[in-house]
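# A look at the structure
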Amino acid sequence: MTHTPDVPRPASAELLALAARTRPDWDPHALRDALAHARLEGMTWGQVLATVGRLLADPDAEPADLLPAVPERWRRRRPAPGPDTAQRGAAAARAALHQPESTDH
C-alpha cells in the first residue's frame, strides 16, 4: 500500500454530524468554534480527528477540551533532539563527575 499525501482529508461537516449524533449534550456551535480555532493554531487534520475522537468517547469531555491539545507554536519551530542527545548528555555528566580534583590552591 502506498502513502497518499492528501490523506487524511478534512471532513469537518461529517465530524460535526458525528459529534451531533454521538454527543447531543454538546453545543454544535461550540465544537465548530473549537475546530476552527484548532485549525487556525496549526493543528493538522489528523491531530484534530484523533483528539475529537477521544473527546467524543469521554463522557466528561467538552468541545473546549480540544483547545489544550493545540501544539504550542514554539514547539513547532524547535527541531526535535537527535536520538543520541541523551547519551551525549549522560556522557558529559559522567565526565564532569569523574574529573580529578585540582591540586592548585
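Residues numbered from 1 in each chain as written. Predicted model: local features only at pLDDT ≥ 70, side-chain atom pairs only at ≥ 80, totals over all residues. Heavy atoms only, no water.

### Remarks on the overall build of the protein
- On a plain count of helices and strands, the protein comes out with 5 helices and 0 strands.
- Scored against the burial criterion, the 105 residues of the protein give a buried share of 19%.
- Of the contacts made within the protein by residues no fewer than 6 positions apart, 68% connect residues no fewer than 24 positions apart. (Helix = DSSP H or I, 4+ residues; strand = E, 2+ residues; numbered from the N terminus. Buried < 20%, exposed > 50% of the residue type's maximum accessible area, 1.4 Å probe, protein only. Contact = heavy atoms within 4.5 Å.)

### Considering the pattern of salt bridges
- Scanning the model with the defined rule gives 1 salt bridge in all.
- Note that R23 and D25 form a salt bridge whose closest N and O atoms lie 2.8 Å from each other.
- A residue is classified by how much of its surface remains accessible, and R23, at 6% relative accessible area, is buried. (Salt bridge = Lys/Arg side-chain N within 4 Å of Asp/Glu carboxyl O.)

### Considerations on the nonpolar core
- In this structure, L15, W26, L31, L35, V48, V52 and L66 are the most contacted members of the largest nonpolar core, which totals 16 residues.
- Breaking this core down by element, the ones donating at least two residues are α1 (12–22), α2 (28–40) and α3 (45–57).
- Here this core takes 5 residues from α3, the largest share from any one element.
- In this structure, V52 is in contact with L15, L35 and L66, ignoring residues within four places of it in sequence. (Core = buried A, V, L, I, M, F, W, Y, C linked by side-chain atoms within 4.5 Å.)

### A look at α3
- The end-to-end C-alpha separation of α3 is 18 Å, in line with the 18 Å expected for 13 residues at 1.5 Å each.
- Buried within α3 are the following residues: W45, V48, T51, V52, L55 and L56. Taken around the axis of α3, the buried residues stretch over an arc of 140 degrees, which confines them to a single face. Relative to its buried face, α3 has exposed residues pointing more than 90 degrees away, namely R54 and A57. (Expected span 1.5 Å × (residues − 1). Arc of directions from axis to C-beta.)

### Notes on a negative patch on the surface
- Judged by side-chain charge, D58, D60, E62 and D65 come together as a negatively charged surface patch.
- Structurally, the position occupied by D60 is in the loop between α3 and α4 (73–77).
- On the basis of relative accessible area, D60 is assigned to the exposed category, the value being 68%. (Patch = residues over 30% accessible without salt bridge, like charges linked within 9 Å, V, L, I, M, F, W, Y side chains within 5 Å. Areas by Shrake-Rupley, 256 points an atom, 1.4 Å probe, with all protein chains shown as cover. Lys, Arg positive; Asp, Glu negative; His and termini not counted. Charge placed at Lys NZ, Arg CZ, Asp CG, Glu CD.)

### Some words on the confidence of the model for the protein
- Residue-level pLDDT values for the protein average 82, and 78% of them are 70 or greater.
- The weakest mean pLDDT in the protein belongs to α4 at 54; the strongest belongs to α1 at 95. (pLDDT = per-residue confidence, 0-100.)

### Considering the environment of T44
- Positionally, T44 belongs in the loop between α2 and α3.
- Note: C-alpha distance between T44 and P10 (34 residues apart in sequence) is 9.2 Å.

### Things to note about the environment of A61
- By the secondary structure assignment, A61 is in the loop between α3 and α4.
- Setting aside chain neighbours within four positions, we find A61 in contact with R23, W26 and L55.

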